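If you want the building blocks of each chain, they are given just below.
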Amino acid sequence: AATCAHLAEEKKGLDIRVYEVGQYLHVGDYFVVVTGTSRPHVKALHQELHVRLKKMGALHGEPEGADMAWWVVLDYGTVVVHALQPEAREYYDLDRLYSECPELDWREVELPPLEPAAADAAPASDAEALEA
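### Focus on helix α2 (residues 39-55)
Here α2 is 17 residues long and its end C-alpha atoms lie 25 Å apart, about the 24 Å a rise of 1.5 Å per residue gives. For α2, the set of buried residues is H41, V42, L45, H46, E48, L49, R52 and L53. Along the long axis of α2, the arc covered by the buried residues comes to 165°, so they all point the same way. Residues of α2 that are buried make contact with α1 (2-10), β2 (30-35), β3 (71-75) and β4 (79-84).

### What about the pattern of salt bridges?
Here the structure, examined in full by the defined rule, presents nine salt bridges. Of the charged contacts in the structure, one is a salt bridge between E10 and R52, with a shortest N-O distance of 2.9 Å. Here E10, found in helix α1, pairs with R52, found in helix α2; they are 42 residues apart in sequence, far enough to count as distant. For E10, a relative accessible area of 44% puts it in the partly exposed group.

### Considerations on the packing of α1 against α2
Their axes nearest at 10 Å, the elements α1 and α2 cross at an angle of 130°. Between α1 and α2, the interaxial angle falls into the category oblique. The hand of the α1/α2 crossing is right-handed. Counting all contacts with α1, which are made through T3, C4, L7, A8 and E10, the residues of α2 involved are L45, E48, L49, R52 and L53. For the contact of α1 with α2, the per-class residue count stands at six nonpolar, one polar and three charged.

Reading guide: rules and limits
- Residues numbered from 1 in each chain as written.
- Predicted model: local features only at pLDDT ≥ 70, side-chain atom pairs only at ≥ 80, totals over all residues.
- Heavy atoms only, no water.
- Helix = DSSP H or I, 4+ residues; strand = E, 2+ residues; numbered from the N terminus.
- Expected span 1.5 Å × (residues − 1).
- Buried < 20%, exposed > 50% of the residue type's maximum accessible area, 1.4 Å probe, protein only.
- Arc of directions from axis to C-beta.
- Contact = heavy atoms within 4.5 Å.
- Salt bridge = Lys/Arg side-chain N within 4 Å of Asp/Glu carboxyl O.
- Axes fitted to C-alpha atoms, helices over the stretch in contact; angles between N-to-C directions.
- Parallel < 35°, antiparallel > 145°, perpendicular 65-115°, else oblique.
- Left-handed = near helix turned anticlockwise from the far one by under 90°.
- Nonpolar A, V, L, I, M, F, W, Y, C, P; charged D, E, K, R; others polar.

Here it is as structure tokens:
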């Protein structure tokens with residue numbers, strides 16, 4: 001989850017929050033919520049996460065909402081990423097919905113070195129960083 005948040009920040013995602021939802025929901029352990037400023041920005045966030053995490057060995061199911069890029073959901077199993085345009089984030093108000101869930105201070109989580117998206121390095125074998 002912290003890795004997702006850091007990658008979204010590198011791609012200029014806004015108001016990134018990581019909620020620890022595991023004890024409240026049975027669909028994952030963490031929800032990462034990030035705002036993209038526009039449809040192209042949300043698409044860029046989706047693409048960045050997809051490419052960079054795939055290099056680390058983390059795969060997601062079929063993304064939801066990728067065509068419209070109003071609200072894109074990437075489900076990595078224990079981590080679910082929600083990338084939303086500002087109007088979608090305000091309308092669905094996920095932050096209020098999960099306000100009782102503890103929030104992970106993702107900036108304090110120590111991560112392994114992250115490869116740049118364009119690098120042709122071998123994928124890291126430590127996909128566990130997603131869960132931290």
